[in-house]
Amino acid sequence: MKNIVFMGTPSYASKILEKIYKAKFNILAIYTQPDKPVGRSQTLTPPDVKKLAIDLGLNDIVYQPKSLKESGVKEHIKSLNPDIIIVAAYGQILPREILDIAPCVNLHASILPAYRGASPIQSAILDKNSLSGVTAMAMNEGLDSGDILAFSILDITNMNSYELFDKLSIMAANLTIKILNEYENINPIKQFDALSSKCKKIKKDDGLVDFSVDSASQIWTKFLAYYGWPGIFTKNGIKILDIEVANLNGGIGEILSINDNGFVVGVNNGSILIKTLQAAGKKSVDAKSYLNGKRLGVGDRVYL
């Protein structure tokens, strides 16, 4: 039975950790990011991996250094003598001194060499790809450039990022167990660097939409990619929580129809059906109630 050090932070990683635990591998240590203040009250909140570790009774082996280069981190991991280090969306680059301790395997949420970097799931959706997946990779000092150990593929058509995170985390968890069971018999495949692409870290401002610039298709794609966080919102700070692409034509910002599902508004090159929205500092409301509060109807312009 392999002795494992696990490194991961968000829910994507927690699904993998849970699968490793249930498969009864020997987990020596769990490294995750420090607790962070969340929400208006700035409540100090542990990452998903730590929450799971506590639920599993593994809180005594959880470590949360600000940096893996901190004094004592390398020494601690080396003293554990792990057979393998499993890494999934940890949030830090592993330094060479840790990569040298034991084989390090990363579960990256793309089909490498595409979308190396911090936002492979959102980037695949933004590029309107029909396929994505998970790659198990032998880590090196490069950015997601190590040899491929195995991969799984999934049809992602019309999935939002929340749905895709969930499905890929399950695929990654299953792939991890396969790697752990078969590691010694796997023949790694080098990545073809000429076909590689990189993706940036998502920022809150990326969720901004402009009806006079963005087409209906672009708004829909952003809605899928940024579902949950940062979401999509207008320059007036109004969050658009639920939409569909519509098939009516009219002026930008013009209310083209109203029904029980919401209202259709004209945008650049098309229209969208807005179902739910939320003004800054207020609760979310259905779109029809929002118009009633503003006393707006078909033919009026709505300034979001």
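Our structure's up above, just so we're on the same page.
Residues numbered from 1 in each chain as written. Predicted model: local features only at pLDDT ≥ 70, side-chain atom pairs only at ≥ 80, totals over all residues. Heavy atoms only, no water.

## Examining the sheet that holds strand β6 (residues 84-88)
Adjacent strands of a sheet pair through backbone hydrogen bonds, lying either parallel or antiparallel.
Thinking step 1. On the basis of which strands lie adjacent, the open sheet formed by seven strands has the order β5-β2-β1-β6-β7-β9-β10 and mixed pairing. Two strands in the sheet have a free side with no partner beyond their single neighbour: β5 (62-63) and β10 (148-155).
Thinking step 2. As defined by bridge partners, strand β9 (residues 131-138) adjoins β10 across seven bridges and the pair is classed as antiparallel. Across the sheet, residue methionine 137 finds its bridge partner in β10, namely isoleucine 148.
Thinking step 3. Helix-sheet contacts for helix α1 (residues 11-22) involve β1 (3-8), β2 (26-31), β6, β7 (104-108) and β9, and the interaxial angle to β1 is about 165°.
Thinking step 4. Against the sheet, helix α3 (residues 73-80) makes contact with β1, β2, β5 and β6, and its axis sits at roughly 170° relative to β2, the strand it touches most. (Pairing = 2+ DSSP bridges. Helix = DSSP H or I, 4+ residues; strand = E, 2+ residues; numbered from the N terminus. Contact = heavy atoms within 4.5 Å. Axes fitted to C-alpha atoms, helices over the stretch in contact; angles between N-to-C directions.)

## A short note on the environment of proline 10
Thinking step 1. One can find proline 10 in the loop between β1 and α1.
Thinking step 2. Among the residues examined, proline 10 registers a relative accessible area of 29% and is labelled partly exposed.
Thinking step 3. Along the primary structure proline 10 and alanine 89 are separated by 79 residues, whereas in three dimensions their C-alpha atoms are 6.9 Å apart.
Thinking step 4. Filtering out sequence-adjacent residues up to four positions away, proline 10 remains in contact with Asp48, Val49, Ala88 and Ala89. (Buried < 20%, exposed > 50% of the residue type's maximum accessible area, 1.4 Å probe, protein only.)

## Thoughts on a nonpolar patch on the surface
Thinking step 1. Among the surface-exposed residues, Leu131, Phe151 and Ile153 lie close enough to one another that they form a single nonpolar patch of about 310 Å² accessible area.
Thinking step 2. Along the chain, isoleucine 153 falls in strand β10.
Thinking step 3. Taking relative accessible area as the criterion, isoleucine 153 reaches 47% and is therefore assigned partly exposed. (Patch = residues over 30% accessible without salt bridge, like charges linked within 9 Å, V, L, I, M, F, W, Y side chains within 5 Å. Areas by Shrake-Rupley, 256 points an atom, 1.4 Å probe, with all protein chains shown as cover. Salt bridge = Lys/Arg side-chain N within 4 Å of Asp/Glu carboxyl O.)

## Details of the packing of aromatic side chains
Aromatic ring pairs: the centre-centre distance and the angle between the two ring planes describe each pair.
Thinking step 1. Scanning the entire structure with this criterion turns up three aromatic pairs.
Thinking step 2. Taking 5.7 Å as the distance between ring centres and 90° as the angle between the ring planes, the aromatic pair formed by phenylalanine 223 and tyrosine 227 counts as edge-to-face.
Thinking step 3. Through a chain of ring-to-ring contacts, three or more aromatic side chains come together here, namely Trp220, Phe223 and Tyr227. (Phe/Tyr/Trp six-rings, centres within 6.5 Å; stacked < 30°, edge-to-face > 60°.)

## Thoughts on the pairing of strand β13 (residues 239-246)
Thinking step 1. When strand β12 (residues 232-233) meets β13, the two strands line up antiparallel, connected through two bridges. The residue of β13 that forms the bridge with isoleucine 232 is isoleucine 240.
Thinking step 2. Counting the residues that bridge the hairpin from β12 to β13 gives five residues, and of these glycine 237 lies at a positive phi of roughly 80°.
Thinking step 3. With seven bridges joining them, β13 and strand β16 (residues 270-278) adopt antiparallel strand pairing. Looking at the pairing, glutamate 244 lines up with leucine 273 of β16.

## Describing the pairing of β1
Thinking step 1. For β1, a buried count of five out of six residues is recorded, marking the element as mostly surrounded by other parts of the structure.
Thinking step 2. Where β1 meets β2, five bridges bridge the pair, whose relative direction is parallel. Bridged to asparagine 3 within β2 is asparagine 26.
Thinking step 3. One crossover worth recording links β1 to the parallel β2 by way of α1, and it is right-handed.
Thinking step 4. As paired strands, β1 and β6 are joined by five bridges and run parallel to one another. (Right-handed = clockwise from strand over helix to strand, strands pointing away.)

## As for the side chain of asparagine 160
Thinking step 1. Structurally, the position occupied by asparagine 160 is in the loop between β10 and α6 (161-182).
Thinking step 2. Take asparagine 160: its relative accessible area is 9%, and that puts it in the buried class.
Thinking step 3. Here tyrosine 162 takes part through its backbone nitrogen, which lies 3.0 Å from a polar atom of the side chain of asparagine 160.
Thinking step 4. At 2.8 Å, the side chain of asparagine 160 and the backbone nitrogen of glutamate 163 are in polar contact. (Polar contact = N/O pair within 3.5 Å; in protein donor to acceptor, adjacent residues only side chain to side chain.)

## Considerations on unusual backbone geometry
As a rule of thumb, non-glycine residues mostly have phi less than zero, and peptide bonds are mostly trans rather than cis.
Thinking step 1. Residue proline 113 follows leucine 112 across a cis peptide bond; omega there is 15°.
Thinking step 2. Omega for the peptide link from tryptophan 229 to proline 230 comes to 0°, which places this bond in the cis form.
Thinking step 3. With respect to the helices, strands and loops of the structure, proline 230 is situated in the loop between α7 (216-225) and β12.
Thinking step 4. Here tyrosine 115, not a glycine, exhibits a phi torsion of approximately 60°, which is positive.
Thinking step 5. Position of tyrosine 115 among the secondary structure elements: in the loop between β7 and β8 (116-117).
Thinking step 6. For tyrosine 115, a relative accessible area of 11% puts it in the buried group.
Thinking step 7. Within the chain, lysine 128 stands out as a residue other than glycine whose phi angle is a positive 60°.
Thinking step 8. Take lysine 128: it is sitting in the loop between α5 (120-126) and β9.
Thinking step 9. The exposure class assigned to lysine 128 is exposed, which follows from its relative accessible area of 52%.

Taken by themselves, the reported measurements are silent on function.
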